[in-house]
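# Structural characterization, general
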Amino acid sequence: MTAVSAHTLSRRHFLKTSGAVVVSFAMPPVILGSQPGTAGAEEAVPDPAQLDSWLAIGEDGSVTVFTGMLELGMGVATAYGQIVAEELDVPVRSVSIVMGDTARTPDQAGIGGSRAISTGARPLRHAAAEARRVLLDLASTRLGAPADRLTIRDGVVHRTDDTTKTASFGELIGGRHFDVTLRTSGEGSTLDVAGSAQPKSPDQYTIVGQPVPRIDIPDKATGRFTYIVDVRVPDMLHGRVIRPAPPGARLLAAEGARVLPGSVKVVRKGNFLGVVADTEWDAIQAARNLKVTWSASEVSWPAMADLYRTMRTMPARLRRVMADVGDVDAALAQAARTIEARYEWPFLSHAMMGPSCAVADVRDGGATIWSGTQHPHQLRQGLAELLNLPPADVHIIWVEGSGSYGRSGSDDAAADAALLSQAVGRPVRVQWMRADETGWDPKGPPVVTAVRAGLDDQGNVVAWDYVARNFTGRGVPPQPARGGNFLAAHLIGLAADSIDEPPNLQEAYTFPNKRRAGEVVPWPQEASPLRTGYLRAPSQPGTTFGAESFVDELAAALRADPVEFRLRYLQDPRAVAVIQAAAQKAGWASRPSPRKGVSPSGLATGRGIAYAPRGDTRLATIAEVEVNQATGQVHISRLVIAHDCGLIVNPDGLRGTIEANLIQSTSWALKEEVKFDRSGVTSVDWATYPILRTPDAPDAIDIVLINHPDLPPSGAGEPAAVATAPAIANAIFDATGARLRTAPFTPARVKDALERRA
Amino acid sequence: MSSDPLDGKSGGRVALAPGLPGWPSPLRLTVNGTAHTVRSSPDTPLLYVLRDELQLHGPRFGCGLGQCGACTVHLGGVAVRSCSIPVSAVGDQPVTTLEGLGSPEHPHPVQQAFIEEQAMQCGYCINGWIMTAAAFLDKTPHPGDAEIRTALSGLICRCGAHMRILRAVRRAAAHGG
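Per an unreviewed UniProt entry, chain B goes by the name (2Fe-2S)-binding protein and belongs to Candidatus Segetimicrobium genomatis.

This is the structure:
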C-alpha cells in the first residue's frame, strides 16, 4: 500500500486558475482574466508520475482532472468526464476538466490521429482508478473497516455493514494532495500511468457506454461559451497579417499607415508583415489598405492542370514498401489478365469555420499565448525557439477554437500573434481574415494512386500492386515543436524541417501476392499557400479512394457483386461484420455493377460500397445516389455506415462524430478542390472554395454501431471520413456505368465521365 | 466618414478621432433589450461593436463577406449578417443576439431543440443556424423539409453537423418554435 500524507493542497497549478480554461459539467467554461506579464520560470510542465498532476478533489467533493488532450468539438471532454466518473464512482456532473495548459496539464503531445479516447484517455482512467483506491484506504482508517467492507456511491464512501458510517471524498482529501507516485510508461501520445489499483472491467460499467449529453452544448447554443476568438486580456491590441502577393515574393516596402486612428503600427520582419491597432476594425482596414510593394514571385509550381502528371512523373524522394506478400512481379507476369487504374485526389483546405486566432502577451522576458492549437506543449517549444526564450518562460493556454481537423492554421496564427506582441510590447490578438484562412492554411496534400491487379483464368485475384504518392511535408510537420516550422518563420527566413512521410495506405485483402508502397515527391513548401500538412485521416481519403474504387473495378470486370467480392478476400471477422451490417441495414441486393438496363439519359440511381480499416477501427460505407445525366449533378439519397471502434464510451457522441465525418467527406467527394494559378491560391473564400450546404446534404444517414467492450477504444475522429468518396464513386458507376477516378465529382467531371463511358 | 481611413497616399489625411471636431455624436444601440452608447466609428461593422465593445460571444466572425452566416443577429426580428452592416445603419432597430434569444436556464425553443438533438460539433457556426432558423420559423411555422433546407442554404457548417441541425429545426417546428 502506498503511504498517503494528506497535507494542505497548496499546489500552484491547482489553485492558480488565472487564465485557465475549465470545462465543467456544472458550470460554464470560464476565462479568468489574464496573466499579466508572463509565465516566468516557475511554470514547469506537471510531472506525469504524480497522481496530483492528473486529478484533484475539492473540499466540496468536486473532481478536477488535468489532461494535455483537447476538445475539438466531438464531445471528448464529455467522454473524459464519463471515464473519470466511472472509475471514481462520482456523478458525471461533479467532474471538471482542465485541458491543454502547459503549466497545469501533463504533456500528451496534443491531439490528432483519432487518439483522444484510444490512448489519450488512458492516463485519466488509470489515475482515477488509483485515486479511488487511495480514497478507500483513507476511508478504511476513518471508518474503521477494511476496504472490502466499503462501497462508494456518488462520491461518498459507506460501510456496507453500517450505512450510517460514511465519509465523503471532500472530507477524506478535499483540497489536499494525494502525494502518490505513479509508474509511467510511454511518452507523448503513448504516455500512460499506473498505480496499484486495477481499473474497472467493462462489465462493471454503468456510466461508460451511456449516451450522456455533451457538457458544452447548452452554453454553445446560448452564446455563453468562450472560444479562442472570445479571449480578451487587459491592454490588448488587435493585429492582422498581410501575406506576400504573389506567394514567394520579397517585401520591398510597406507604408501609408501612420495616420490611422488608434495609432496603427506596422510590424515588419523579413517578409513577415503585420499591423497592430487599438481596434479590430482599424487593424482590418490598415491591413487592407496598407500600401505594400512586393517583388515578383520566386515560387514556381506546375500549372494546376499539370499537377497530377507532374506528381506521377517526378522521381520519388523516398519509397516505403509497407507490405510485400508473395511475389507480386512474378504473379503479374504470369497472370491471365491484368487490370490497372489511376486515381487522383486534390489539394484540400482545412477551411476552418472560424479563421485561425490567437492572443499573445510577449514581454518582460516571457510569453503567455492563448491558442486553439492541437499541440500546446509542442507549440510551447516551437514558439520558445521562434521568440528566443527558454521554454520554461513560455506558457501556452489552449482555448477551444473552431473545429479543426489536423495541422490547421492555428499554430501559424499563434506565431503571428507572438511576433506582433513581441514587436509592440503589448498583448496582441490576431484573427486571420477568410482569405488568410482558406488561401493560406496548410493544405491536405494531393494524392495520386496507381493500382494494378493480376487475375488468373478462373477469375481469382492473384496479384495486387498498390502505390500512392504525395508530397514531402517540408516546414509543416505534424507538430509545431520547432521555431522554423511556422508560416511566419518561413517568411522571416528561418530554416524549416523536412518531413518525408509517405501516404498512408491501408487495406486488408487476402490476395496471395500483394504489395503496398508509398512514395514521396518533392514540392516547394516554405512560405507557400500550398504547403502541406495533416488534414483529417492524413492522405487516407485519397489512398482509400484509389483502393476501394479499384476493388469495385475488379468486381465489375468479373461480374461479381461488390459486397460478395470483398467478402471473398477478407478474413478479419470485424471487417466481415461491418460489411455485412452495412449491407443488411441498406437492404443491399446482390448483383454486379453497373445495374442492368442503365439508360444513357435522365435520372439514374445506384448504390456503392467501400470498406476501410484505419488503425484498429473498421468501417463500411454504402452510398445511394441519384445522378442527373443531363447536368452531371449527383445527389446523395442515403449514406449507411457500419462502424466498429472497439469499446464505445458515449454512443450518442460517437454517432454525432461519425455523421459529421460522413458529411465532411461527402463535401470533399462532391465539391472540394483547392484552385491555384501562378498568382497564388485562387480559392480563398466560400464562393471560390464551396463546400456542402443543406440542399446538398444526404436525404438520410443510417449508422450501425458495433460495440466491442472486449476491445480497447480505437478511435473515431477520422475513420468514417475515409470511405465516403469511393462509396459514392462506386454508386455513380452502378447507376450509370461511368467511372470517376478524379475527385471531386463535380457536374463537369461527371458529365465528362458519362461521355467517355463504354 | 470614409470607409477607407487609409487612403494609401503618402502623407494621408488627418484622421477623425473621438472628441475631435467632426467626430459624429456617439451612436446608441439597443442590444438584447439594453441601451448602449458605443464608441466605435460609424463605419465599423456591427459585428465588431457587438463582440469587441459589448463583449458578446454569440455572433462570430466567419468570413466578413456575408457568405457563411456565423455573425447572424436579428435586427428588428429579421436575421441579418452583422459583418456586413455598418453600426451607423442600425438606427433604432433593436438588435438581438444568440445570448438575447435565450439562456441555458431558459432557452428559446430553437435553442432547446438544438440542445435536445445535440445538433453541433464544434458549435462555432451554430449561432448562424439558430438565429436564422428562429427568424425563419417565426414567419414559416410549419415548413416542409425542402423549405427548411432552402431557408438554411446560406449557412456554412465546416464540421458537418447538417443532419442533426435539420432534425433540430424540424423538432423546433413541431414544437411550435
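Structure shown, so let's carry the discussion forward.
Our next topic: the overall build of chain B. Along its length, chain B carries six helices and five strands. Start at the N end of chain B and walk to the C end: the helices and strands fall as β-β-α-β-β-β-α-α-α-α-α. Evaluated residue by residue, chain B yields a buried proportion of 54% over its 177 residues. Long-range contacts, defined here as pairs at least 24 residues apart, represent 60% of the contacts in chain B between residues at least 6 apart.

Each helix and strand in chain A was counted, giving 19 helices and 31 strands. Its C-alpha atoms give chain A a radius of gyration of 27 Å, within 12% of the compact-globule value 27 Å for 758 residues. Principal-axis analysis of the C-alpha atoms places the extent of chain A at approximately 80 × 75 × 45 Å. A total of 758 residues make up chain A; the buried ones form 61% of that total. For chain A, long-range pairs separated by at least 24 residues make up 79% of all intrachain contacts whose partners lie at least 6 apart in sequence.

Moving on to the interface of chain A and chain B. Taken residue by residue, the interface counts 56 residues in chain A and 61 residues in chain B. For the side of chain A that touches chain B, the secondary structure elements donating two or more residues are helix H6 (217–221), helix H7 (280–289) and helix H17 (651–670) of chain A. With seven residues, H17 of chain A is the single largest residue contributor to the side of chain A that touches chain B. When grouped by side-chain class, the residues that make up the side of chain A that touches chain B number 28 nonpolar, 16 polar and twelve charged.

Sheet strands associate in pairs through backbone hydrogen bonding, adopting either a parallel or an antiparallel arrangement. Residue and element names in this part refer to chain A. A sheet is described by the order of its strands in space; here seven strands give the open sequence E12-E13-E10-E21-E18-E19-E20, paired in mixed fashion. With partners counted over all chains shown, the strands left at the sheet margins are strand E12 (265–269) and strand E20 (394–398), one partner each. The sheet shows a mean angle of 25 degrees between the axes of neighbouring strands, direction not considered. Sheet analysis places E12 next to strand E13 (residues 272–277), joined by five bridges and oriented antiparallel.

Residue and element names in this part refer to chain A. Each assigned domain of chain A is listed with its residue range as follows: domain 1 (12–222), domain 2 (227–302 + 341–458 + 470–504 + 521–532) and domain 3 (540–756). With 17 residues of domain 1 at the contact, the number on the domain 3 side is 19 residues. Every element with two or more residues in the side of domain 1 that touches domain 3 is listed here: helix H2 (76–88) and helix H3 (115–118). Grouping the constituent residues of the side of domain 1 that touches domain 3 by class yields nine nonpolar, six polar and two charged.

Residues and elements named next belong to chain A. Of the consecutive residues Ala245 and Pro246, the connecting peptide bond is found in the cis state with omega at 0 degrees. Take Pro246: it is sitting in the loop between strand E10 (237–242) and strand E11 (251–255). With an omega of -5 degrees, the peptide bond running from Ser593 to Pro594 counts as cis. Relative to the helices and strands, Pro594 resides in the loop between helix H16 (573–586) and strand E26 (603–614). At Asp154, a residue that is not glycine, the phi angle is positive and equals roughly 50 degrees. Tracing the chain through its elements places Asp154 in the loop between strand E5 (150–153) and strand E6 (156–159). Accessibility expressed as a C-beta count within 10 Å gives 12 for Asp154, which makes it exposed.

We now examine the sheet that holds strand E7 (residues 162–168) of chain A. All names here are of chain A. Spatially, three strands are ordered E5-E6-E7 in an open sheet, and the strand pairing comes out antiparallel. Pairing within the sheet leaves two strands with one partner each, and these edge strands are E5 and E7. For this sheet, the mean inter-axis angle between neighbouring strands, taken without regard to orientation, is 30 degrees. Its contacts with the sheet place helix H4 (residues 122–143) against E5, E6 and E7, and it is angled at close to 45 degrees to E6.

The next point concerns helix H4 (residues 126–139) of chain B. For H4 of chain B, spanning 14 residues, the distance from its first C-alpha to its last is 20 Å, which sits close to the expected 20 Å at 1.5 Å a residue. When we look at burial in H4 of chain B, the residues that qualify are Ile126, Asn127, Gly128, Trp129, Ile130, Met131, Thr132, Ala133, Ala134, Ala135, Phe136 and Leu137 of chain B.

All names here are of chain B. Scored by pLDDT, chain B has a mean of 89; 85% of the residues are at 70 or more. Considering only residues more than four positions removed or in separate chains, one finds that residues 1–14, a stretch of pLDDT under 50, has 28 contacts. Overall fold confidence for the complex sits at a pTM of 0.94, while the interface term, ipTM, reaches 0.94.

Here we come to the domain arrangement of chain B. Interfaces are often sized by the accessible area lost when the parts come together. All names here are of chain B. Domain assignment breaks chain B into domain 1 (27–98) and domain 2 (102–174). Just the C-alpha atoms count here: the centres of domain 1 and domain 2 sit 20 Å apart. Considering every element that reaches the side of domain 1 that touches domain 2, the biggest residue donor is strand E3 (residues 72–75), with three residues. When grouped by side-chain class, the residues that make up the side of domain 1 that touches domain 2 number seven nonpolar, six polar and one charged.

This paragraph deals with the packing of H17 of chain A against helix H18 (residues 724–736) of chain A. Residues and elements named next belong to chain A. Two numbers describe how H17 lies on H18: the axes approach to 8 Å, and their chain directions differ by 55 degrees. As far as their axial angle goes, H18 and H17 are oblique. In this structure, H17 crosses over H18, and the sense of that crossing is right-handed. Contacts from Leu662, Ser665, Thr666, Trp668 and Ala669 in H17 reach Thr724, Ala725 and Ile728 in H18. Residue composition of the contact of H17 with H18, grouped by class: five nonpolar, three polar and no charged.

Ranked by internal contacts, the top residues of the largest apolar core, which has 283 residues, are Ala418 and Ile732 of chain A. The dominant element in this core, judged by the number of residues it contributes, is H4 of chain B, at nine residues. Apart from residues no more than four positions distant in its own chain, Ala418 of chain A is found in contact with Ala360, Val362, Ala367, Ile369, Leu383, Leu386 and Leu387 of chain A.

Residue and element names in this part refer to chain A. With their axes 8 Å apart at the nearest point, helix H14 (residues 540–557) and H18 run at an angle of 30 degrees to one another. Between H14 and H18 lies a crossing whose hand is right-handed. Of H18, the residues touching H14 (which contributes Pro541, Thr544, Phe545, Glu548, Ser549 and Asp552) are Ala725, Pro726, Ala729, Asn730 and Phe733. Partitioning the contact of H14 with H18 into residue classes produces six nonpolar, three polar and two charged.

This part takes up helix H6 (residues 162–174) of chain B. One full turn of an α-helix is made of 3.6 residues, so residues set three or four places apart face in the same direction. Relative to the 18 Å expected for 13 residues at 1.5 Å per residue, H6 of chain B spans 18 Å between its end C-alpha atoms, a close match to the ideal helical length. Residues of H6 of chain B that are buried include every one of His162, Met163, Arg164, Ile165, Leu166, Ala168, Val169, Ala172 and Ala173 of chain B, and no others. Those residues of H6 of chain B hidden inside the fold are in contact with H17 and strand E31 (700–705) of chain A together with helix H3 (109–116), H4 and helix H5 (145–151) of chain B. Positive phi appears at Gly176 of chain B, one or two residues downstream of H6 of chain B, with a value of about 75 degrees.

With that out of the way, let us pick up the confidence of the model for chain A. All names here are of chain A. On average, residues of chain A score 92 in pLDDT, and 93% of them reach the 70 mark or higher. Scored below 50 in pLDDT, residues 1–21 makes 47 contacts in the model with residues more than four places away or belonging to other chains. Taken together, the stretch residues 26–42 has pLDDT below 50 and engages in 51 contacts with residues farther than four places along the chain or on a different chain.

All names here are of chain A. The element E26 is largely enclosed, with a buried count of ten among its twelve residues. Where E26 lies against strand E27 (residues 617–628), twelve bridges are found, and the strand directions are antiparallel. Note on E27: the bridge partner recorded for Ala610 is Thr621. Between E26 and E27, which pair antiparallel and follow one another directly, the connecting turn spans two residues, one of which, Gly615, has a positive phi of 60 degrees.

With that settled, the discussion passes to the environment of Leu273 of chain A. All names here are of chain A. Locating Leu273 in the fold gives a position in strand E13. Residue Leu273 is classed as buried on the basis of its C-beta count, with 22 C-beta atoms lying within 10 Å. Non-local contacts of Leu273, meaning those with residues more than four positions away in its chain, are made with Val241, Ile242, Leu251, Ala254, Arg268 and Val292.

Among the secondary structure elements, Ser153 of chain B is positioned in the loop between H5 and H6. Sequence separation between Ser153 of chain B and Met131 of chain B is 22 residues, and the spatial gap between their C-alpha atoms is 14 Å. Setting aside its immediate chain neighbours within four residues, Ser153 of chain B contacts Arg693, Thr694 and Pro695 of chain A.

Residue and element names in this part refer to chain A. Take Ala725: it is sitting in helix H18. Given 30 C-beta atoms within 10 Å, Ala725 falls into the buried group. Each C-alpha atom, one on Ala725 and one on Gly113, is 20 Å from the other, the two residues being 612 residues apart in sequence.

About the cut-offs
- Residues numbered from 1 in each chain as written.
- Chains lettered and ligands numbered in written order.
- Predicted model: local features only at pLDDT ≥ 70, side-chain atom pairs only at ≥ 80, totals over all residues.
- Helix = DSSP H or I, 4+ residues; strand = E, 2+ residues; numbered from the N terminus.
- Buried ≥ 20, exposed ≤ 12 C-beta atoms within 10 Å, placed from the backbone.
- Contact = placed C-beta atoms within 7 Å.
- Rg over C-alpha atoms; globule rule 2.2 N^0.38 Å.
- Nonpolar A, V, L, I, M, F, W, Y, C, P; charged D, E, K, R; others polar.
- Pairing = 2+ DSSP bridges.
- Axes fitted to C-alpha atoms, helices over the stretch in contact; angles between N-to-C directions.
- Domains from an automatic or database assignment.
- Expected span 1.5 Å × (residues − 1).
- pLDDT = per-residue confidence, 0-100.
- Parallel < 35°, antiparallel > 145°, perpendicular 65-115°, else oblique.
- Left-handed = near helix turned anticlockwise from the far one by under 90°.
- Core = buried A, V, L, I, M, F, W, Y, C linked by C-beta atoms within 7 Å.

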